[in-house]
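Chain by chain, the residues:
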Amino acid sequence: MLNECMYDNFDRKENLHFDSKCVHGALGYEPITGAVSFPIFQTATFAHKDFSTATGYYYSRLQNPTRQELERTMAILENGANGFAFSSGQAANMAVFGMLPKGSHVLLTDDIYGGTFRIANDIFSQLDITFEYIDMSDIRDVEAAIKENTKMIFVETPTNPMMKVADIEAIAKLAHDHGATFVVDNTFLTPYFQKPLDLGADIVVHSGTKYLCGHNDVIAGIVVVKSEELVPHFEMQLKSRGAGLAPMDSWLILRGLKTLALRMERHNENSYKVAHWLRNHPKVKKVYYAGFEDHMNYAITKKQTTGFSGMISFELESHEAVEKLLTTVQMILFAESLGGTETLVTYPLTQTHESTPPDVREKLGINDRFVRISIGIENVEDIINDLDQALA
Ligand SMILES: *Cc1c(COP(=O)(O)O)cnc(C)c1O
């Protein structure tokens, strides 16, 4: 029997705007003591009141109040039935792919994050599951690739690092007409700019390490499901694979989320300026940015998102120019990852996309002249000045 728990009833805050929901979370404050900062329940287990009464919490691998506050907050922000917090984006994706029955076929974005490719190719392909990588920005290619046994369509949009955009509503319809689960990796835009579940996706997955956390200080993953039907699978994944997010890390993501709206606005504003500046730089050959009005998928972007986030990729004239850029930036850091307060410049060929097969990389344009930049929230003049001296 369960004791009535003070944490059972949380408010979805339907009447609030998105930025207020970010600040006030699910329970928001702690209802017993009134602590405004939701506590870090640093405990492995929970004592039972008597032989037949529990509090609703048993063991932190299964459920922990701090992790639950984060999971519920993410469910509110993505408009889903429930959320699940994992120890990394990779662990979240492992749980998503864990839904696939033996012998199934999966369609993925061709320039998918290298780690997701590795999960598919190194782990799940052993279970007689086949993966096909296609350009999701053309709906005809998606339709043509669907097979009898296609059980899942997994997209990133915009893609990493080529910034291609997929039509979420159109793919959702295709997926559902063929009985496939539709998953969107929403790491790049976050629910502040894009809400895939509202557009028809079944599952949203995040590397919480990136914009949700926002401060380059935690590794985390989030899954949000649209319907209650998908809840038992993810509860089982947390319970059995045991990759739930720790209480302290859950708290850090909750803390990051409070400023999500503010940060995303600034990332968006800064990157818009940097992308246009880069485009006019004589040493920059090509700039990939979803916010350009002449981007081939701009009409879709306008239909389904309210901003472009802080991600830009670009190609220089030579590999030497790339090496010079990466080693002479001063304020900007040469590091993997994205979505944090600091501007980071990354070399996808050997960092984020080293697992992508060489022929696929070459076809996509991920070569030794190609760099990706995650624009932070610094003063945009300092970002531009730093790039200017490093490109000179
Ligand atoms: C970083 C990233 C991941 C992996 O997440 P981790 O938190 O590093 O495990 C997955 N997908 C995308 C789009 C990412 O950027």
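Residues numbered from 1 in each chain as written. Predicted model: local features only at pLDDT ≥ 70, side-chain atom pairs only at ≥ 80, totals over all residues. Heavy atoms only, no water.

**Some points on the sheet that holds strand 12 (residues 370–374)**
On the basis of which strands lie adjacent, the open sheet formed by five strands has the order 8-9-12-11-10 and mixed pairing. Among the strands making up the open sheet, the edge pair consists of strand 8 (284–288) and strand 10 (333–334). As judged from the five bridges shared by strand 9 (residues 311–316) and strand 12, these two strands associate in the antiparallel manner. Within strand 12, the residue paired with Glu 315 across the bridge is Phe 370. Set on the sheet, helix 10 (residues 260–279) makes contact with strand 8 and strand 9; between it and strand 9 the angle comes to about 15 degrees. (Pairing = 2+ DSSP bridges. Helix = DSSP H or I, 4+ residues; strand = E, 2+ residues; numbered from the N terminus. Contact = heavy atoms within 4.5 Å. Axes fitted to C-alpha atoms, helices over the stretch in contact; angles between N-to-C directions.)

**Here's the deal with helix 14 (residues 380–391)**
Between its first and last C-alpha atoms helix 14 spans 16 Å; for twelve residues at 1.5 Å apiece the expected length is 16 Å, and the two agree. Every buried residue of helix 14 is listed here: Val 380, Ile 383, Ile 384, Asp 386, Leu 387, Ala 390 and Leu 391. Projected down its long axis, helix 14 carries its buried residues within an arc of 160 degrees, all on one side. Buried residues belonging to helix 14 abut helix 10, strand 8, strand 9, helix 12 (319–328) and strand 12. Its side-chain oxygen 2.9 Å from the backbone nitrogen of Glu 381, Asn 379 forms the N-cap of helix 14. (Expected span 1.5 Å × (residues − 1). Buried < 20%, exposed > 50% of the residue type's maximum accessible area, 1.4 Å probe, protein only. Arc of directions from axis to C-beta. Polar contact = N/O pair within 3.5 Å; in protein donor to acceptor, adjacent residues only side chain to side chain.)

**A short note on the nonpolar core**
Counting 54 residues, the largest nonpolar core has Leu 70, Met 136, Ile 153, Phe 182 and Ile 253 as its most contacted members. Sort the elements by how many residues they give to this core and helix 6 (residues 168–177) lands first, with five residues. The contact partners of Phe 182, leaving out residues within four places of it in the chain, are Ile 153, Val 155, Ile 168, Ile 171, Ala 172, Ala 175, His 176, Gly 200, Ala 201, Asp 202 and Ile 203. (Core = buried A, V, L, I, M, F, W, Y, C linked by side-chain atoms within 4.5 Å.)

**Considering the sheet that holds strand 4 (residues 150–156)**
Two strands in a sheet stick together by hydrogen bonds in their backbones, pointing the same way (parallel) or opposite ways (antiparallel). Across the sheet, which stays open at both edges, the seven strands sit in the order 1-7-6-5-4-2-3 with mixed pairing between neighbours. Among the strands making up the open sheet, the edge pair consists of strand 1 (82–86) and strand 3 (130–134). With direction set aside, neighbouring strand axes in the sheet form an average angle of 20 degrees. As judged from the five bridges shared by strand 4 and strand 5 (residues 181–185), these two strands associate in the parallel manner. Within the sheet, the bridge partner assigned to Met 152 lies in strand 5 and is Thr 181. Packing against the sheet, helix 2 (residues 65–78) makes contact with strand 1, strand 6 (203–207) and strand 7 (221–225), and its axis sits at approximately 130 degrees to strand 1. Across the sheet, helix 4 (residues 114–123) lies against strand 2 (105–109), strand 3 and strand 4, angled at about 145 degrees from strand 3, the strand it touches most.

**Things to note about the environment of Glu 269**
With respect to the element layout, Glu 269 can be found in helix 10. Remark: the alpha-carbon pair of Glu 269 and Phe 308, spanning 39 residues in sequence, is separated by 9.0 Å.

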